[in-house]
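Residue-level structural notes
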Amino acid sequence: MKTTNYDIIIIGGGMVGASLACALADSTLKIAVIEGREPPAEWPADSFDIRVSAITRASENLFRHLGAWEEMQRLRVQPYQAMEVWDATGPGHIHFEAAELGEPNLGHIIENRVITRALRQRLREHHNIDYRCPAHPKGLLPLIDRAQLQLDDGSRLQAPLMVGADGAHSWLRQQAGIAVAERHYGQTAVVTTVQTEKHHQDTAWQRFLPSGPLAFLPLPGGRSSIVWSTTAEQAEHLLALDAGEFMAELGEAFAHRLGAITALGPRGAFPLKGRHAKQYVKPQLALVGDAAHTIHPLAGQGVNLGLADVEALAAVVLDAHRARRPIGALKTLRRYERARRGDNLLMLDAMGAFKSLFSNDTPGLRELRNLGLDLADHAGPVKNLIVARAMGLDALPAASLATS
Ligand SMILES: Cc1cc2nc3c(=O)[nH]c(=O)nc-3n(C[C@H](O)[C@H](O)[C@H](O)COP(=O)(O)OP(=O)(O)OC[C@H]3O[C@@H](n4cnc5c(N)ncnc54)[C@H](O)[C@@H]3O)c2cc1C
């Protein structure tokens, strides 16, 4: 069978891989995307994906730049104007409001299938992207200055740069022998969609319980997406309850802030683990998104970090391509690693510390964190700094790509 040549092969066409392909496509680069699963083409208007993402303003800007934002808006997005965070063990709370910052919103809650569908539509519109789905990699062969990929249908592809955007259990990362540092959060996230008696007020709510944070993320039509991070034992217990029992426990855990709760869909569970690849790059290879790092969802940063990887890697590759330097050379790719590793590690450390601080019921610590939340709530500049970081407004939204 003949071998097809590309400039870049991206394994994984999820939120991060599809974004990367689109970010590279306004060029003469020939790109292949290898993806195993197609997202649903349509769904009933009253059904919601149990997987949603809080998308920062920086990520929104990237989606706009890639030409996918309009389609996401057409499908369904929910802006949120405020964030309310409080501690179940004391009076400490913090409230963020978009209006206080002169911003139209703090970000959007979007179903993952909406994001993926809009991005994959854009993939198909680029003549220089060969989107192969369903397709699975089977073997990897490093050659001089390029790598060869064999797919399970027997076809062979080769390129000077292979990118792993294939998620937390990345096949490419394992093939490349790149080790991962792991952190056990000792928590599982139980997720589902509900309707609340009182409207969510376009607010993202998060209550810190000793067993972990419970988030109510606003969705269109007064619905909310639940992310309840708790011990593995309690998660197992919650999944085994019938709908009525589950709603009663959920209401209690949320201190009935939005009144009675009605179940709208199935429940799912995701064991949470922090992971950080020891290397993001090797000659002819780069990792992006969850393939390089996974993080506790309590601050809704996971895919946003992956999209920041996309911007950095696309900028480095497009720069090298314009200057006719080899795009897969280690020297080129290290610029990407240097740009992103520190930021990702900082966020991983911060989420680890946050999780430990709030899952600890030691009396002195409990009072200290309640005081800390209240102090931060009253300290304007500190509060603005926290929220600017959470919105990604301290990043350079799509600026590095805008000129390419
Ligand atoms: C409960 C929970 C809540 C979260 N909430 C948020 C949030 O609010 N905000 C946020 O920013 N992040 C959030 N995250 C994190 C976010 O979901 C991930 O960071 C994001 O999905 C990573 O995207 P990705 O494209 O890198 O990987 P993935 O989403 O895992 O996509 C990988 C893609 O590669 C494909 N693939 C994998 N292996 C192969 C293979 N061998 N062959 C072919 N294709 C392959 C898969 O089919 C998939 O399409 C949350 C995570 C969890 C668990």
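All of these numbers come straight from a predicted model, not from anything done at the bench. (Residues numbered from 1 in each chain as written. Predicted model: local features only at pLDDT ≥ 70, side-chain atom pairs only at ≥ 80, totals over all residues. Heavy atoms only, no water.)

**Topic: the sheet that holds strand E8 (residues 107-111)**
Taken together, 3 strands build an open sheet; the order of strands is E4-E8-E5 and the sheet is antiparallel. Both edges of this open sheet fall to strand E4 (52-55) and strand E5 (78-80), since each of them pairs with a single strand only. Along the sheet, successive strands turn relative to each other by an average axial angle of 25°, direction set aside. The strands that helix H4 (residues 112-125) touches are E4 and E8; relative to E8, the one it contacts most, it runs at about 85°. (Pairing = 2+ DSSP bridges. Helix = DSSP H or I, 4+ residues; strand = E, 2+ residues; numbered from the N terminus. Axes fitted to C-alpha atoms, helices over the stretch in contact; angles between N-to-C directions. Contact = heavy atoms within 4.5 Å.)

**Section: unusual backbone geometry**
The residue after cysteine 133, namely proline 134, is reached through a cis peptide bond having omega 0°. Within the fold, proline 134 resides in the loop between strand E9 (129-132) and strand E10 (137-143). With phi around 50°, aspartate 202 is a residue other than glycine that occupies positive phi space. Residue position: aspartate 202 is located in the loop between strand E14 (180-196) and strand E15 (203-209). Owing to a relative accessible area of 24%, aspartate 202 belongs among the partly exposed residues under this scheme. With a phi close to 70°, glutamine 284 is a non-glycine residue in the positive phi region. Examined against the element boundaries, glutamine 284 turns out to sit in the loop between strand E20 (281-282) and strand E21 (285-287). (Buried < 20%, exposed > 50% of the residue type's maximum accessible area, 1.4 Å probe, protein only.)

**What to know about the site of the ligand**
Close to the ligand lie 30 residues, the nearest being Glu35, Arg51, Ala54, Asp290 and Val303. In isolation the ligand exposes 1000 Å². Once the protein is present, 83% of that is buried. Elements represented by at least two residues in the shell around the ligand include exactly helix H1 (15-24), E4, E14 and helix H8 (302-322). Classifying every residue of the shell around the ligand by side-chain character gives 13 nonpolar, 11 polar and 6 charged. (Near = heavy atom within 4 Å. Areas by Shrake-Rupley, 256 points an atom, 1.4 Å probe, with all protein chains shown as cover. Nonpolar A, V, L, I, M, F, W, Y, C, P; charged D, E, K, R; others polar.)

**A look at the packing of aromatic side chains**
Inspection of every chain in the model, using the stated rule, returns 6 aromatic pairs. Between tryptophan 205 and phenylalanine 254, the aromatic rings sit 6.4 Å apart at their centres with planes inclined by 85°, giving edge-to-face as the arrangement. You can see tryptophan 205 sitting in strand E15 and its partner phenylalanine 254 sitting in the loop between helix H7 (243-253) and strand E18 (261-263), a full 49 residues away along the chain. The class of tryptophan 205 is buried, set by a relative accessible area of 6%. Accessibility expressed as a relative area gives 1% for phenylalanine 254, which makes it buried. (Phe/Tyr/Trp six-rings, centres within 6.5 Å; stacked < 30°, edge-to-face > 60°.)

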